[in-house]
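So the chains spell out like this:
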2 protein chains.
Amino acid sequence: MQLSCPAPILQHETVQMAHGAGGRLSQELTGRVFMPHLQNAFLDQLDDQARFDAEPGQIAFSTDTYVVSPIFFPGGNIGELAINGTVNDLAVGGAVPRYLSAGFVLEEGLPLVELEMIVKSMAESARKAGVLIVCGDTKVVQKGQCDKIFINTSGVGFIPEGINVSCRNLKPGDAVILSGTIGDHGMAVMTTREGLSFQSRIKSDTAALNGMIREVLDVVPSVHAMRDPTRGGVAATLNELASSSSVGIELDETAIPVREEVRGASELLGIDPLTVANEGKMLLVVPQADTEAVLTVMRAHEHGREAVCIGRVVEEHPGMVVMRTPFGSRRIVEMPLGEQLPRIC
Amino acid sequence: MQLSCPAPILQHETVQMAHGAGGRLSQELTGRVFMPHLQNAFLDQLDDQARFDAEPGQIAFSTDTYVVSPIFFPGGNIGELAINGTVNDLAVGGAVPRYLSAGFVLEEGLPLVELEMIVKSMAESARKAGVLIVCGDTKVVQKGQCDKIFINTSGVGFIPEGINVSCRNLKPGDAVILSGTIGDHGMAVMTTREGLSFQSRIKSDTAALNGMIREVLDVVPSVHAMRDPTRGGVAATLNELASSSSVGIELDETAIPVREEVRGASELLGIDPLTVANEGKMLLVVPQADTEAVLTVMRAHEHGREAVCIGRVVEEHPGMVVMRTPFGSRRIVEMPLGEQLPRIC
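The present account deals with the structure reproduced in this document.

Conventions and cut-offs
- Residues numbered from 1 in each chain as written.
- Chains lettered and ligands numbered in written order.
- Predicted model: local features only at pLDDT ≥ 70, side-chain atom pairs only at ≥ 80, totals over all residues.
- Heavy atoms only, no water.
- Phe/Tyr/Trp six-rings, centres within 6.5 Å; stacked < 30°, edge-to-face > 60°.
- Helix = DSSP H or I, 4+ residues; strand = E, 2+ residues; numbered from the N terminus.
- Buried < 20%, exposed > 50% of the residue type's maximum accessible area, 1.4 Å probe, protein only.
- Lys NZ or Arg CZ within 6 Å of the ring centre and 35° of its normal.
- Expected span 1.5 Å × (residues − 1).
- Bend = angle between axes of the 7 residues up to and from the residue.
- Salt bridge = Lys/Arg side-chain N within 4 Å of Asp/Glu carboxyl O.
- Least-squares fit on C-alpha atoms with pLDDT ≥ 70 in both.
- Contact = heavy atoms within 4.5 Å.
- Pairing = 2+ DSSP bridges.
- Axes fitted to C-alpha atoms, helices over the stretch in contact; angles between N-to-C directions.

**Considering the packing of aromatic side chains**
Tallied over the full model, the rule gives 10 aromatic pairs over all chains. Taken together, a centroid distance of 6.3 Å and an interplanar angle of 80° make the contact between F61(A) and F52(B) edge-to-face. Placement of the pair is F61(A) in strand β2 (residues 58-66) and F52(B) in strand β1 (residues 50-52), with the two residues belonging to separate chains. Just as F61(A) is buried, F52(B) falls in that class too. Residues F150(A) and F150(B) carry aromatic rings whose centres are separated by 6.2 Å and whose planes lie at 50° to one another, so their mutual orientation is tilted. Taken together, the positions of F150(A) in strand β7 (residues 149-159) and F150(B) in strand β7 (residues 149-159) put the pair across two chains. With a relative accessible area of 1%, F150(B) lands in the buried category. Connected via pairs of aromatic rings, a cluster forms that spans F42(A), F52(A), F61(A), Y99(A), F42(B), F52(B), F61(B) and Y99(B). Above the face of the Y66(B) ring, K139(A) is positioned so that its terminal group lies 5.2 Å from the ring centre.

**Considerations on helix α1 (residues 24-38) of chain A**
Quick reminder: α-helices carry 3.6 residues per turn. Residues three or four places apart thus point the same way. Residue and element names in this part refer to chain A. Compared with the 21 Å implied by 1.5 Å per residue over 15 residues, the 20 Å span of α1 between its first and last C-alpha is a close match. Bending of α1 peaks at approximately 35° at the position of G31. Buried residues of α1: L25, S26, E28, L29, V33, F34, M35 and L38, and no others.

**What to know about the pattern of salt bridges**
Scanning all chains against the criterion turns up 29 salt bridges over all chains. D64(A) is the salt-bridge partner of K139(B), the closest N and O atoms lying 3.4 Å from each other. Taken together, the residues span two chains, with K139(B) in strand β6 (residues 132-141) and D64(A) in strand β2. A single burial state applies to K139(B) and to D64(A), both of which are buried. Here D272(B) and R331(B) are joined by a salt bridge, their closest N and O atoms 3.7 Å apart.

**Thoughts on the relation of the copies chain B and chain A**
Mapping chain B onto chain A calls for a rotation angle of 180° and an axial translation of 0.0 Å; the resulting RMSD is 0.0 Å. With respect to symmetry, the two chain copies, as superposed, fit the operation of a two-fold axis. Ranked by how close their C-alpha atoms come to the rotation axis, the residues of chain B are headed by C146(B), at 2.0 Å. Interface overlap between copies is the fraction of interface residues in one copy that are interface residues in the other; for chain B against chain A it reaches 100%, indicating a shared surface.

**So, the sheet that holds strand β13 (residues 321-324) of chain A**
All names here are of chain A. Spatially, seven strands are ordered β9-β11-β8-β12-β10-β13-β14 in an open sheet, and the strand pairing comes out mixed. One side of each edge strand has no neighbouring strand; the edge strands of this open sheet are β9 (225-227) and β14 (330-333). Across the sheet, the axes of successive neighbouring strands diverge by a mean angle of 25°, strand direction being ignored. Direction of pairing for strand β10 (residues 248-252) relative to β13: parallel, over a ladder of four bridges. When the bridges of β13 are listed, E250 appears paired with V322.

Here it is as structure tokens:
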């Protein structure tokens, strides 16, 4: 059998407890499932730590664990999400993301073919984003003690001189820019989970935004703040920004792009799309005068075609986000409590 | 109640799904359980990424996820382990560990008092090791979809100029040094899990070794390789070193220190102590001429009092570890398969 099979030859078809115990089967899993896809000069060293040279500027460091369920969903999977999410967390700080770690917790019995699909798509996403996975770790827990697979990615990047974006930099008068439609990722996952019939039309927006962010910063280095509105959606992110900078934010409801299918699913599930997670969108707060320049750069980019100004920073109601509705009334956009959308990323 | 209770005031006594959803309850968990213990100038920023200045030398980057069961065991808990483990992974590469991330996966229903004990001991361990936890993430999964708590820590450190330790540096003639008794951590966890009566006498050796490693490198910068023999124990680590450097390793069985209780428990459970995880021990491979200098420094340190030379690197049998028994015979120390000791770290 070893001679006739060109695919990775493994003793087992599913994850075994011994695959996580640091012995021969751990080596086999690394050598036959991880390394063929993730191989690079750093990871090949197989030391306890990766080593690389510093680049000019400050170091940025970020971490996120991904527990999304289901692990495969329309538009992506947990592996892709784990790469794009951490790349974005670095990039919204103005950093150029460079090196990622990957820590896996696997459930005994997970089909190795599913693990390999996930690893393969991590490798592809990393390539697209221009980052390297330089160190990793794999643990296995008994069947029923984790749900298929959890992935932690941490990342290191470098913030070029002269860039200073922070959630504490918002100034009254600034424009609030959104890169595109909201709620796509969260609704793709929710509708798949709930088995709703229109699920196939909603796709996750998972994408690495570092390329677009770089282009924006090259043209407008004076961007005040950037954030990717993931868990808690645009509502949570803008509330955090308003609170961190002690300013108010005023939104124009008609300006916020929501896909028809996402709006429909949100209504059916009783969820405000403003509170739904995005995985390929970003919010930027920029000096009013730079609005058009930023929008021009973003709209020329595949991930920012629908970029739009959705509101502005105001002196009034510090810490609060207020929405002007199409009927001219105003409502407070609250920080979501967080009970409706578990395991969305 | 809010007025009369000096302790953190939380709406719930256990972890709720909403604690991981990025909304108000997530903020409450961060503000009331994590921040009081972990607070520092970097973490206080609450941005999506931590930022810090590079230090001279190469950057070292490492990751590990901790899934040990039980989460509290004689001599430590999962939080302490998560800090010390990643600190050691950086330090054995010759790096000065500086910044750590912490990624939590929590099971719905985990008592917050247990979470707080773990976080508190992470803070204490970080302080002892001289590292800062600068970024973090918390996810919550439904009851039954993870086992209480999993913690990923990733770490960044800096490798001073002139240090070059690597698993590929072993040279025939080198001495193999072990910092103390083997098997303590693994046997503390195993005997607790199995409910064996002598459990109380075996304690985990979990400890941060970066202080001792620094002192060794200050005196003997020419150390060839260092490793902490965790999963798979001394057997797995030495097999990896032998294989990476294409050399043989010869051990002297009588030289390897094993506590009486650990030997007894190992015999009862049918496990070779050489394959059992350690969490506060290290193996060093040093030029023969530096052996005494290294042992002197180590023995003066609380974590190296029982440091001893246990063998040497040889040209013969490359990739293989061979043990000389007290009776003068020789046996091969194999890479463990890895089935006996799940969830040990």
